[in-house]
Amino acid sequence: MSDEARKAHHEAGHAVFATIKGIPYRSVFLRKDDGQGYSGAVDVTEAELRAWIQAAPEPERQIRVDYVVQFKAIGVLAARRYATEAGFSPDIGTDFNDELQLRNLFYEFARDPSGTLLDGQAKLDRSQHLRGKAQQLLEDPIFWRAISTVAQKLQALGELSSAETAEIARELLCSESY
């Protein structure tokens, strides 16, 4: 397993999920670091994600929070799935920064379906539920193929615009409802 392929699947997971859920971003990239392996990102800031959430009326705002939580989780989960399928520990190269951002964002916005701000165990339970939903999506063979295709393109090209990622997603996911 290469660090490049693991990181490509991580970023592709974010990008494909953002594409299907309408989370705005400019591009997704993968670059070689100076002797450190690979880095990558989906080009959207935390402030832009928060603004996208806040722009929605309730109850859609909570749906967007849920999407952003899954968007954060799916990159880590996609990298773990790729590592496992390649015969390595799923924790190799885990991006703890995503985990921290996920927790902070969720804890700021987490509400139950009635709109009541969650606390303590309820936040943890809701976070685990959303991680489970992201994991289920990764188990869908068509969705996983879209992630793998974007990951391969990232490895070949280094960067894809959101429009290029959307084209791949539309082509592979057109008959499915996500």
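It should be noted that the structure appears before, not after, this text.
No experiment lies behind these values; they were computed from the predicted model shown.

Visitor: Got a sec to walk through helix α2 (residues 46–54)? Specific residues and values, please.
Guide: Since the α-helix turns once every 3.6 residues, residues separated by three or four places project in the same direction. The complete set of buried residues in α2 reads L49, W52 and I53. Seen from one end, α2 has its buried residues packed into an arc of 100 degrees, which puts them on one side.

Visitor: Requested: an account of the pattern of salt bridges, with residues and values cited.
Guide: Applying the stated criterion across every chain yields a total of nine salt bridges. Of the charged contacts in the structure, one is a salt bridge between E11 and K7, with a shortest N-O distance of 3.0 Å. Within this pair, E11 and its partner K7 are both found in helix α1 (residues 3–21), separated by four residues, close to a single helical turn. Residue classification places K7 among the buried positions, given a relative accessible area of 7%. The shortest N-O distance in the salt bridge between E159 and R31 comes to 3.4 Å. In this pair, E159 is assigned in strand β3 (residues 159–161) and R31 in strand β1 (residues 27–33), connecting sequence segments 128 residues apart. Here E159 falls in the partly exposed class, since its relative accessible area comes to 36%. It is possible to trace a salt-bridge network through shared partners that takes in R26, D43 and E48.

Visitor: Quick one: what's the story with unusual backbone geometry, residue by residue and with numbers?
Guide: With an omega of 0 degrees, the peptide bond running from E58 to P59 counts as cis. The residue P59 is located in the loop between α2 and α3 (60–85) in this model.

Visitor: Describe the nonpolar core, naming the residues involved and giving the relevant values.
Guide: Residues I23, F71, L138 and F143 are the most contacted members of the largest nonpolar core, which totals 41 residues. Listed by contribution, the elements that provide at least two residues to this core are α1, β1, α2, α3, α5 (120–139), α6 (141–157) and α7 (162–173). Considering each element in turn, this core owes the most residues, nine residues, to α3. Dropping the residues within four chain positions of it, F71 is found in contact with H14, F17, A18, I23, V42, V44 and L49.

What counts as what
The written sequence of each chain sets the order in which its residues are numbered from 1. Selection of residues for local features in this predicted model requires a pLDDT of at least 70, selection of side-chain atom pairs for listing and counting requires 80 or more, and totals for whole chains, interfaces and linings are taken over all residues. To obtain the side-chain values, all non-hydrogen atoms of the structure were used and water was disregarded. Partly exposed describes any residue whose relative accessible area lies between the buried limit of under 20% and the exposed limit of over 50%, with all areas from a 1.4 Å probe on protein chains only and scaled to the type maximum. Note on conventions: DSSP H or I runs of at least 4 residues are helices, E runs of at least 2 residues are strands, and numbering of each starts at the N terminus. In this context, the arc is that of the directions from the helix axis out to the C-beta atoms. We define a salt bridge as a contact between a side-chain nitrogen of Lys or Arg and a carboxyl oxygen of Asp or Glu at a distance within 4 Å. Here the nonpolar core consists of buried residues drawn from Ala, Val, Leu, Ile, Met, Phe, Trp, Tyr and Cys, with membership extended through side-chain atoms lying within 4.5 Å. Between two residues, a contact is recorded if the distance between any of their heavy atoms is within 4.5 Å.

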